[in-house]
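What the coordinates show
Listed below are the residues making up each chain.
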Amino acid sequence: MSVPSQSSPHYRRIAAMLRLTLDSGALRAGDRMISARKLAEREHVSLPTALEALRCLEAEGLIVARPRSGYFVSQVNTSSHPLPGPVPVTMSAVARSLFSSAEARLVPLGAALPDPTWLPGDILQRALHAASRRLAAHGQSYSLPPGRADLRNKIAAHAAQWGAHFGADDIVITTGATQALRLALRAVCQPGDVVAIEQPAYFGTLLLLEDLGLKALQIPTDPAEGLLLAPLADAIERHRPAAVLASPTVQNPLGASMPVARKKELVALIESAGIPLIEDDVYGDLAGEGQRPPACKAFDQSGSVLYCSSLSKTLAPGWRIGWIVAGRYHMQVLQARMAGDWAGAPLLEAAASEVLASGDYERHLRRLKSRVTQGVQVVTARVEASFPPGTRVTVPTAGFLLWVELPQQINALEVHRCALALGIGVSPGPLFSPGAELQNFLRLNCANEPTPHLLNTVEQLGALCHQLARSE
């Protein structure tokens, strides 16, 4: 069964979001729920649709209707509980055990990378040759921070299409988005500080927090619409995190994207609290049927959003072209870049600039998004047909990652271990939580050519889950 996505009936999607709000502890037993009229206005749906969403929760016993008063959280509701406090991140041992067994021969359902055959190899090669001719011997030298001006200009021009108002001088080129996130965390945090993150969260973020000695404060995240703002506001008031780190557009692993109005609310919230937002936007270019939606950075008036992105998920993972726009933290980030792994690769930066300037990137994105949509549909259908009863699939609003909730008795780490023996790579849920929770979840990569072999592999994985369910 699939968790409702944007393409599902609206009332189901809204009901799923309201359930998460109740689970977060933002409302207590006896508290008044949002009215149907206000819910309809907020979600841009009809009043009957909003009423149907509330009635879904009433039928489950989560809320009760009081005549002429509205809906209230049920007195017998046991799902509401306070948000957990900050916790140390202790998942590197899990990550090491998993990554040490990763091999190129595995069917790549685990790695969050597009199929190499989906990348524009000819275009990349032409861009490399053109850059090599243009730079001559200088192509074998260093690119010094903040990175080549031609690439920074092209990135700024590309971002202007979705409403960004930063220029080339605001950008620092990095070795991928991971380095950008590390620089952002170093600029705004000290060891021991608390960082508010999504739940579940990208494991690369968790590894960075652990390495930098930072604590994670998990914020419930809606599978369709991203970070929940009421629990975040409550967490800010209670724990005063040093930063919020989130992916408002195409979250990893859920694939959720915040509506534009809520992105504005998120920026307003962090600005009023005086807390920076580190925005991880590596999948942002995969969102939207035509023009992609704006990132939170488009609404940043105070320089409080540290925007991080790269070309790794859309164009050339091995080129390691990333960037950060750090707003009022620009000098701290630039200094940290110069003090650390400061030298970039001029040839690759110049080649990336060639691709962005030619229009080839935009044409490639249109083809890639179409393939991704097909891949998600095909893999989702095969999972729903072949996995055990009780499996729930969160269909992404964009991007190519599928978040799969297995029946409670199936251990995802055991699925991972057995799948390796079959030559299949998967990403188990414990990778996506600070304390290696989420024991019955898997993340699957759908950005692969849906060949018969791939689909048979998904069926194999489903059969394995059936077997593990029976053995418990």
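Presented here is a report on the structure given in the accompanying data block.

Conventions we followed
- Residue positions are given per chain, counting from 1 as you read along its sequence in written order.
- Residues qualify for local features only when their pLDDT is at least 70, as the model is predicted, and side-chain atom pairs are given and counted only at 80 or more; totals for whole chains, interfaces and linings, by contrast, use all residues.
- Calculated side-chain values reflect all of the structure's heavy atoms, with hydrogen atoms and water omitted.
- Runs of H or I in DSSP of at least four residues are treated as helices and runs of E of at least two as strands, each being numbered from the N terminus.
- Polar contact is defined as a pair of N or O atoms within 3.5 Å, subject to the rule that within protein one atom must be able to donate a hydrogen and the other to accept it, and that residues adjacent in sequence are counted only when both atoms are side-chain atoms.
- Working rule for contacts: check all heavy atoms of both residues, and any pair within 4.5 Å makes them a contact.
- Only protein chains enter the accessibility calculation, which uses a 1.4 Å probe; a residue is then buried when its area is under 20% of its type maximum, exposed when over 50%, and partly exposed in between.
- Any carboxyl oxygen of Asp or Glu within 4 Å of a side-chain nitrogen of Lys or Arg constitutes a salt bridge here.
- Here, a disulfide means two cysteine sulfur atoms that sit within 2.5 Å of each other.
- Side-chain rings of Phe, Tyr and Trp (the six-membered ring for Trp) are treated as a pair once their centres are within 6.5 Å; stacked means planes under 30 degrees apart, edge-to-face means over 60, and tilted covers the remaining angles.
- Each ring is checked for a lysine NZ or an arginine CZ that lies within 6 Å of its centre and within 35 degrees of its normal; such an atom marks a charge sitting over the ring.
- Definitions used for this entry: grid spacing 1 Å over protein atoms alone; cavity, a set of points where a 1.4 Å probe fits but cannot get out; pocket, an open set with protein on both sides within 12 Å along at least 5 of 7 lines; lining residue, one with an atom within 4 Å of a point.
- Grid points are joined across faces, edges and corners, and a volume is the space filled by probe spheres set on the points.

The topology assignment puts D285 in the loop between β11 (277-280) and β12 (305-310). Within the structure, D285 has its side chain in polar contact with the side chain of R292 (distance 3.4 Å). Apart from the residues lying within four places of it in its own chain, the contact partners of D285 are H158, R292, T314, Y361, L365 and K369.

Our next topic: helix α8 (residues 203-211). All of the buried residues along α8 are F203, G204, T205, L206, L208 and L209. Phi turns positive one or two residues past the end of α8, at G213, with a value near 70°.

The tally for this structure, following the rule as stated, stands at 14 salt bridges. Ionic pairing is found between E354 and R134, a salt bridge with its closest N-O pair at 3.2 Å. In this pair, E354 is assigned in helix α12 (residues 346-358) and R134 in helix α5 (residues 121-135), connecting sequence segments 220 residues apart. By relative accessible area, R134 is classed as partly exposed at 43%. D169 is the partner of R152 in a salt bridge, and the nearest nitrogen-oxygen pair spans 3.9 Å. Here D169 lies in the loop between α6 (149-160) and β6 (171-175) and R152 lies in helix α6, a separation of 17 residues in the sequence. You can call R152 buried: its relative accessible area is 9%. Judged by relative accessible area, which is 65%, D169 ranks as exposed. The structure contains a network of salt bridges with shared partners spanning R134, R148, D150 and E354.

To continue, consider the state of the cysteines. Throughout the structure, instances matching the rule amount to 0 disulfides. For C418, which is in no disulfide, the shortest distance to another cysteine sulfur is to C465 and amounts to 9.5 Å. Judged by its relative accessible area of 17%, C418 is buried.

The geometry of an aromatic ring pair is captured by the separation of the ring centres together with the interplanar angle, meaning the angle of the planes. Scanning the entire structure with this criterion turns up 8 aromatic pairs. Plain terms: the ring middles of W162 and F166 are 6.4 Å apart, the flat faces sit at 65° to each other, and that makes the pair edge-to-face. Neither W162 nor F166 differs from the other in exposure class; each is buried. One aromatic cluster in this structure is built from Y202, F203, W403, F432 and F441. Its end group placed over the ring of F72, R66 keeps NZ or CZ at 4.0 Å from the ring centre.

Here the focus is empty space enclosed by the protein. Per the stated rule, a full pass over the model turns up 2 cavities of 30 Å³ or more. Looking at the largest cavity, it is lined by 14 residues, and the ones nearest its centre are H158, D285, Y307, S309 and W323. Those elements giving two or more residues to the lining of the largest cavity turn out to be α6 and β12.

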